[in-house]
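Reading the structure
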Amino acid sequence: MDTILTTESLSKHYGKFKALDNVSMHIPKGAIYGFVGRNGAGKTTLIRLICGLQEPDSGTYTIYGTANDDKAISKQRARMGAVIETPSIYMEMSAEENLKQQARILGLPSFDGIDELLKLIGLEQTGNKKAKHFSLGMRQRLGIGIALVNDPDFLVLDEPTNGLDPQGIIQIRELILKLNQNRQITLLISSHILDELSKLATHFGFIDNGRIVKEISAEQLEMMSRQCLRLEVDNIQALIRVLDSMKLNYKLINGNTAEIYGKPSITHLIQELADQHCEVQSIQEQDESLESYFINLVGGSHE
Ligand SMILES: Nc1ncnc2c1ncn2[C@@H]1O[C@H](COP(=O)(O)OP(=O)(O)OP(=O)(O)O)[C@@H](O)[C@H]1O
């Protein structure tokens, strides 16, 4: 598997405060990597490090296989685009002028592709309207457009849906999917809005108090947080026999409780258990959201 970004034991302090603590993360090529953590967890700090805006205190990272202390890293960074915190936009300029200005800053030989980029970010109708009159969502999309001027194949977005209304969120989500699916751009997206990322991400890295608590693919996460039935019985051996005979996937929670996956027929299950003289004491349907998965992972609120 090709990896676009790998970090190895990255740490960063602000004075005595440890903002990043031995962070190791891996972003596969083609992924939409959801970087999830509550406010202050260390997401922006990590993003600033990999974008070369700050230096780590210890640890290393590689971008496209090039280490951060290798001179060639700046060449690899040229293949990256990023929108960190608020997008850098010239408020007195239109969307088109902003994109052209970025092309000038990068020393690009022409404005080829700017019209297409304007369409991609959904701002082709904005004409001479200055960015200062744009909605927050339009500004965010313009910021992403500016980050795309150098045609990157790795894009880093720090909290791209922060503060947007539901329609703005949908537009950003659609843009992210287009970038990933049509332009094969790998994305690192940080957010504390977990369920928003669950609709997009192919991989997740969960960060809490500066530490990566889990890296997991969306597929694995789906398996772990899928719907299940939690069944409490008076005879766990009988329950195991029945579940095995029905070829159901299950996990034993304790001496009288099991979680059963894969939506079994409850009537059939209860009937089989009754035949085995096994009494059901309680039955609950559970549907763990990404939100509750994360809360379980980090052990609830720190406040
Ligand atoms: N320049 C700085 N000096 C001192 N402390 C800082 C500095 N930058 C960040 N911090 C602290 O480091 C911690 C991590 O901040 P960071 O911005 O990386 O978190 P975050 O996960 O991106 O959260 P948010 O979404 O709120 O930005 C926070 O407690 C923050 O207050």
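Heads up: these notes are all about the structure in this document. (Residues numbered from 1 in each chain as written. Predicted model: local features only at pLDDT ≥ 70, side-chain atom pairs only at ≥ 80, totals over all residues. Heavy atoms only, no water.)

Overall, the coordinates contain 12 salt bridges when judged by the stated rule. In this structure, the salt-bridge partner of R211 is D21, at a minimum N-O distance of 2.9 Å. Within this pair, whereas R211 is found in strand β10 (residues 211-217), its partner D21 is found in strand β2 (residues 17-28), the two being separated by 190 residues in sequence. Given a relative accessible area of 49%, R211 falls into the partly exposed group. The exposure class of D21 is buried, given its relative accessible area of 10%. The closest approach of N and O atoms between D153 and R79, which form a salt bridge, is 3.6 Å. Of the two residues, D153 is situated in the loop between α5 (136-148) and β7 (154-158) and R79 in the loop between α2 (73-77) and β6 (80-83); the sequence distance between them amounts to 74 residues. For D153, a relative accessible area of 31% gives the class partly exposed. (Salt bridge = Lys/Arg side-chain N within 4 Å of Asp/Glu carboxyl O. Helix = DSSP H or I, 4+ residues; strand = E, 2+ residues; numbered from the N terminus. Buried < 20%, exposed > 50% of the residue type's maximum accessible area, 1.4 Å probe, protein only.)

Near the ligand you find Y14, F17, A19, R38, N39, G40, A41, G42, K43, T44, T45 and E159, and these make up its full shell. Contact distances for the ligand include 3.4 Å between an oxygen atom and a side-chain N or O atom of N39. Taking T45, its side chain carries an N or O atom lying 2.6 Å from an oxygen atom of the ligand. Here the ligand has 630 Å² of accessible area as a free molecule, and 58% of this is covered by the chains. Of all the elements in the fold, those that place two or more residues in the shell around the ligand are β2 and α1 (43-50). With 3 residues, α1 is the single largest residue contributor to the shell around the ligand. (Near = heavy atom within 4 Å. Polar contact = N/O pair within 3.5 Å; in protein donor to acceptor, adjacent residues only side chain to side chain. Areas by Shrake-Rupley, 256 points an atom, 1.4 Å probe, with all protein chains shown as cover.)

The next point concerns the environment of F111. Following the sequence through the fold, F111 ends up in the loop between α3 (95-105) and α4 (114-120). Look at F111 and you get partly exposed, because its relative accessible area is 35%. As for F111 and V149, which are separated by 38 residues in sequence, their C-alpha atoms are 9.4 Å apart. Excluding residues within four positions of it along the chain, F111 makes contact with K100, A103 and R104. (Contact = heavy atoms within 4.5 Å.)

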